[in-house]
Amino acid sequence: MWWQDLLWGIWNGLTAWIVLIVHVFGVWSEFPFYNSARSGNWYDFGFLLGMGSPLLGGLRFRSRR
């Protein structure tokens, strides 16, 4: 279902920052940065939302000052 792919994309996008940092140090090689088995329009959209949400939240906080 499309909403499952969207939710998995958001979740994987949110956790991708942690996985990326850990992958740099060579740990957790069994956990992929991007789930290519679920790739599709809704998963990609959710992944981008999840990846961008921490950055967008930080930008909004800065603009208030």
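Basis of the calculations
- Residues numbered from 1 in each chain as written.
- Predicted model: local features only at pLDDT ≥ 70, side-chain atom pairs only at ≥ 80, totals over all residues.
- Heavy atoms only, no water.
- Helix = DSSP H or I, 4+ residues; strand = E, 2+ residues; numbered from the N terminus.
- Buried < 20%, exposed > 50% of the residue type's maximum accessible area, 1.4 Å probe, protein only.
- Areas by Shrake-Rupley, 256 points an atom, 1.4 Å probe, with all protein chains shown as cover.
- Contact = heavy atoms within 4.5 Å.
- Phe/Tyr/Trp six-rings, centres within 6.5 Å; stacked < 30°, edge-to-face > 60°.

A.B. asks: I keep staring at the overall build of the chain and nothing clicks. Help me out?
C.D. replies: Along the chain, the regular secondary structure elements total two helices and zero strands. With 65 residues in all, the chain has 18% of them scored as buried. Of the roughly 5,200 Å² of accessible surface on the chain, a fraction of 68% belongs to carbon and sulfur atoms.

A.B. asks: Sorry, what's going on with the side chain of Asn12 here?
C.D. replies: Along the polypeptide, Asn12 turns up in helix H1 (residues 2-24). Judged by its relative accessible area of 14%, Asn12 is buried. When residues no more than four places from it in sequence are discounted, the contact partners of Asn12 are Asn35, Tyr43 and Phe47.

A.B. asks: Would you mind showing me how to read the packing of aromatic side chains here?
C.D. replies: Centre-to-centre distance and the angle between the planes together describe a pair of aromatic rings. For the structure on display, the rule yields five aromatic pairs. Each ring, one from Tyr34 and one from Tyr43, has its centre 5.3 Å from the other, and the planes form 65°; the classification is edge-to-face. Of the residues examined, Tyr34 reaches a relative accessible area of 30% and is grouped as partly exposed. Looking at Tyr43, the relative accessible area reads 0%, which means it is buried. A centroid spacing of 5.2 Å and a plane angle of 90° characterise the contact between Tyr34 and Phe47, whose relative ring orientation is edge-to-face. Here Tyr34 is found in the loop between H1 and helix H2 (41-63), whereas its partner Phe47 is found in helix H2, with 13 residues between them in sequence.

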